[in-house]
Amino acid sequence: MTNRLPAWQLLLVFALSLLLFCGLIAWLQNVHIITSNGMYKSIQAEPWIADPGRARLDPSNYLYFPLYGVLAAALDALGILRGMPWKQFAYLNALWASLANVFVYAFVHRVTGSVRAAALTACFHAGTGFVLLLAVISEDIMPGYALVLGAMLLAGLWFDRPTHTRVALVGAIFTLGWLIEWRLLFPTLPALVLAVAVAPIPFKRRAALIASLVVVILAVSGIVQLSWEGHNGAVGLHDILWTGKGVATGWAGLSWDKAWMMLSGIGNYFLIVGGWVDPLSARRAAVPLILSVLLQFSIFVACVAVLWSRRGDARLRAIAVVFVGTLGAGQVLNFYSQPQDPQMQINVMPWLTVAWGLLLGALLAGPRPVAVALGLAVLSLATLAWNVRQLARHRGGDEAALSAIAALEKRFPPQSTVFVYWGFEPISMWQYALWSRTWDWDGTAPVGPAPQADPKFKWIAIDAGAIRHPDWTPEQNAEALRRDIDHALDKGYRVVASDVWTWTVDELTGQLGGLSAANRAPAIHALLHDRYTAREVFRDPTAGTWYEITRR
């Protein structure tokens, strides 16, 4: 980012960050902590690894699968975790997270002129809850995040005195980032435009620069679109700019339950304390989540107080507009979608790292007592220590899941068993990946009489109606579940349910609240417990408790 910074420092930051993240991956032996979405992404990427010429593009991840396909194929060629993309992706994420850490170090060094502030801020960023998490699991957001973060940091440095060259570089890097993950486009674009709009230059020049930014974004998108024209799954420029990902599903919508999910997302972004996924668990973890948010607010207040005397500084204003603007726009969009999701929070919350870096730069300026420097170092490393400890609770999860899969297959022969899940149980992801790549029935029940070997994984997801059919009434949702379960029983299958069977109406309401479908809980619960009965038939320390369902 700046020629005043020795290259060896950047290389050292990258190497130490990569060592940290890769070491954690190897130690944790669980690349599916909190979310298993990375497994599905790695499965979707398999054609890009084996035969990229025929693989299908995904409009919402237009560059992600080609990029990770090439990188995973390179790891295969080197003999590194050959044939295991779900593990390879975690190590690739570690690489991109290390690059993001280099960007953070360079930015803080340029703004503050302090090696100590830059180093401690890089440590702080690496240890932040969701950054650390997404650096060591196989989720798909990290390469896009790294590029968008780099663009934001450059905008903070340059948009106090924007030029067409600077705007073009920011726009190009930003566009490559959101072409990896489409949803990264919307939180940051308004902030970049606003940062140019408030720059201390004449109005006509600001308007011309904003136009340049938009033109570059469209041009880079157009070049990418043309380069893939004719490829399997290729779409036009309009469809790249607006893919509508998740808009017509149960994830979209406004409800008060989203406020609890927002608390979970913001709180866990900084300190992993639990209460993720659904409003009910967020309520149970409300106290530590609120404490985490208060600590973040304290950093914000302290940063503003320390820098208030410099409020007229054009560069500080540009930094504030880019990062606070992204925060505001991003959380509005998140509230409509999935505010608890780590990948929805990571790109709207880097203001925290920037605020900490600016605060450190101010507090470490000039000669300071050793105790002050040591205290700030401890605080910078405290989040890393806390979050590593929290992740350690999930250590060995992948191996435990593989053992659980073997136990399940032995206890419930797949050719004659239909599984009933809530839909987000981690074990269902492993069954999908290792048994057969088949989705839940969702009212279709595509099987003949038992036993039937293909598909091996036959399952019903209670949440399917809420996700895929947001327009259904509670009665329609319950009726679809009845048809699926009755079909399985009529065809002679053994129907077994996870511990979703034991949920009360309130628990089911809380879970469905995250899908804007809390009103469906009474009808679904009544269907399950009025029409059917169940008895416990199996327990596994990883997969949980299983219940066999029969008609009353």
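The rules we used
Residues numbered from 1 in each chain as written. Predicted model: local features only at pLDDT ≥ 70, side-chain atom pairs only at ≥ 80, totals over all residues. Heavy atoms only, no water. Helix = DSSP H or I, 4+ residues; strand = E, 2+ residues; numbered from the N terminus. Buried < 20%, exposed > 50% of the residue type's maximum accessible area, 1.4 Å probe, protein only. Contact = heavy atoms within 4.5 Å. Areas by Shrake-Rupley, 256 points an atom, 1.4 Å probe, with all protein chains shown as cover. Lys, Arg positive; Asp, Glu negative; His and termini not counted. Charge placed at Lys NZ, Arg CZ, Asp CG, Glu CD. Core = buried A, V, L, I, M, F, W, Y, C linked by side-chain atoms within 4.5 Å. Salt bridge = Lys/Arg side-chain N within 4 Å of Asp/Glu carboxyl O. Expected span 1.5 Å × (residues − 1). Arc of directions from axis to C-beta.

Notes on the overall build of the protein
On a plain count of helices and strands, the protein comes out with 24 helices and 5 strands. For the protein, the spread of C-alpha atoms along the three principal axes comes to 75 × 55 × 50 Å. Evaluated residue by residue, the protein yields a buried proportion of 56% over its 552 residues. Taking contacts inside the protein between residues at least 6 apart in sequence as the whole, the part at least 24 apart equals 75%. On the protein, roughly 22,000 Å² of surface is accessible, and the fraction owed to carbon and sulfur atoms is 65%. Positive and negative charge centroids in the protein, built from 42 and 35 side chains respectively, lie 11 Å apart.

Observations regarding the nonpolar core
Core analysis: the largest hydrophobic core is formed by 146 residues, its most contacted members being Val136, Phe159, Trp178, Phe323, Phe419 and Trp546. With near-sequence residues (within four places) excluded, tryptophan 546 lies in contact with Leu408, Phe412, Phe419, Tyr421, Ile427, Val496, Ala497, Ser498, Arg535, Glu536, Val537 and Phe538. Ranked by size, the runner-up nonpolar core spans 33 residues in total, among them Ala445, Leu481, Leu489 and Tyr493.

Looking at the pattern of salt bridges
Under the definition given, this model contains 20 salt bridges. With a shortest N-O distance of 3.7 Å, arginine 284 and glutamate 507 are connected by a salt bridge. Here the residue arginine 284 occupies a position in helix α13 (residues 279-284), and glutamate 507 occupies one in helix α23 (residues 505-513), the gap between them amounting to 223 residues. Looking at arginine 284, the relative accessible area reads 60%, which means it is exposed. Note that aspartate 486 is salt-bridged to arginine 551, the shortest N-O span being 3.5 Å. Separated by 65 residues along the polypeptide, aspartate 486 in helix α22 (residues 474-490) and arginine 551 in strand β5 (residues 544-551) bring together distant segments of the chain. Accessibility expressed as a relative area gives 4% for aspartate 486, which makes it buried. Among the charged side chains, a network of salt bridges with common partners joins Glu479, Arg482, Arg483, Asp486, Asp490, Arg531 and Arg551.

Remarks on helix α19 (residues 397-411)
With 15 residues, α19 extends 21 Å from end C-alpha to end C-alpha; this agrees with the ideal 21 Å at 1.5 Å per step. Listed as buried for α19 are Asp398, Ala401, Ala404, Ile405 and Leu408. Buried residues along α19 cover an arc of 115 degrees about the axis, so they all sit on one side. More than 90 degrees from the buried face of α19, the exposed residues found are Glu399 and Lys410. If you follow the buried residues of α19, they end up packed against α4 (85-112), α20 (426-434), β4 (532-540) and β5.

Quick look at unusual backbone geometry
The linkage connecting alanine 450 with the following residue, proline 451, adopts the cis geometry, with an omega of -5 degrees. Within the secondary structure layout, proline 451 lies in the loop between α20 and β2 (459-461). Cis rather than trans, the peptide bond between aspartate 454 and proline 455 has omega equal to 5 degrees. Relative to the assigned elements, proline 455 resides in the loop between α20 and β2. Phi is positive for isoleucine 34, which is not a glycine, with a value near 70 degrees.

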